[in-house]
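Summary of structural features
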Amino acid sequence: MFYKDSIEVMDNHSWMYRDSPQGLRRMDYCKGVQGFINFATSIPRNFTDGGIRCLCKKCKNLKFMHQDVVTMHLLTKGFMQDYLCWYAHGELFVPNESMVERVVG
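Definitions and limits used
- Residues numbered from 1 in each chain as written.
- Predicted model: local features only at pLDDT ≥ 70, side-chain atom pairs only at ≥ 80, totals over all residues.
- Heavy atoms only, no water.
- Core = buried A, V, L, I, M, F, W, Y, C linked by side-chain atoms within 4.5 Å.
- Buried < 20%, exposed > 50% of the residue type's maximum accessible area, 1.4 Å probe, protein only.
- Helix = DSSP H or I, 4+ residues; strand = E, 2+ residues; numbered from the N terminus.
- Contact = heavy atoms within 4.5 Å.
- Phe/Tyr/Trp six-rings, centres within 6.5 Å; stacked < 30°, edge-to-face > 60°.

Once that is clear, we can look at the nonpolar core. Within soluble globular proteins, side chains that are nonpolar generally end up buried alongside one another. Judged by nonpolar contacts, the single largest core of 21 residues is most densely connected at Leu55, Val70, Leu74 and Phe79. Put simply, the parts of the chain that give this core at least two residues each are helix 2 (27–41) and helix 3 (67–77). If you tally residues by element for this core, the top one is helix 2, at six residues. When neighbours within four sequence positions are excluded, Phe79 is seen to be in contact with Trp15, Met16, Tyr17, Tyr29, Val33, Leu55, Cys56, Lys57 and Leu74.

Okay, structure coming up:
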């Protein structure tokens, strides 16, 4: 319900690591970054000293920055490697069926 604008982005993170052939950011990437910012800022516990964790390639979730700075970092530097579950921003890890070992018997 309060994640209404970001739920679409939350369900599919494939946009995070996809660039155009010329290295320019695609529109789905820009929309995804905004969806991420909407998601992260909708959870009050994500804020420390007025900022949220920056998950760009350089900051790697170690620095807290204003959401506008995080947005610019993501648009210019991209996301840190392999951050498909936004665990540091309130997303719960839910393994999909292919990740769960099945026990027969």
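Looking now at the environment of Met72. If you trace the backbone, Met72 turns up in helix 3. Overall, the relative accessible area of 47% leaves Met72 in the partly exposed class. Spatially, the C-alpha atom of Met72 lies 9.5 Å from that of Val33, the residues being 39 residues apart in sequence.

With that out of the way, let us pick up the packing of aromatic side chains. Under the counting rule described, the total for this entry stands at eight aromatic pairs. Residues Trp15 and Tyr29 carry aromatic rings whose centres are separated by 5.8 Å and whose planes lie at 70 degrees to one another, so their mutual orientation is edge-to-face. Note that Trp15 is positioned in the loop between helix 1 (7–11) and helix 2 and Tyr29 in helix 2, a separation of 14 residues in sequence. Each member of the pair, Trp15 as well as Tyr29, carries the same accessibility label: buried. Ring pairing ties together the aromatic residues Trp15, Tyr29, Phe36, Phe39, Phe79 and Trp86, which thus form one cluster.

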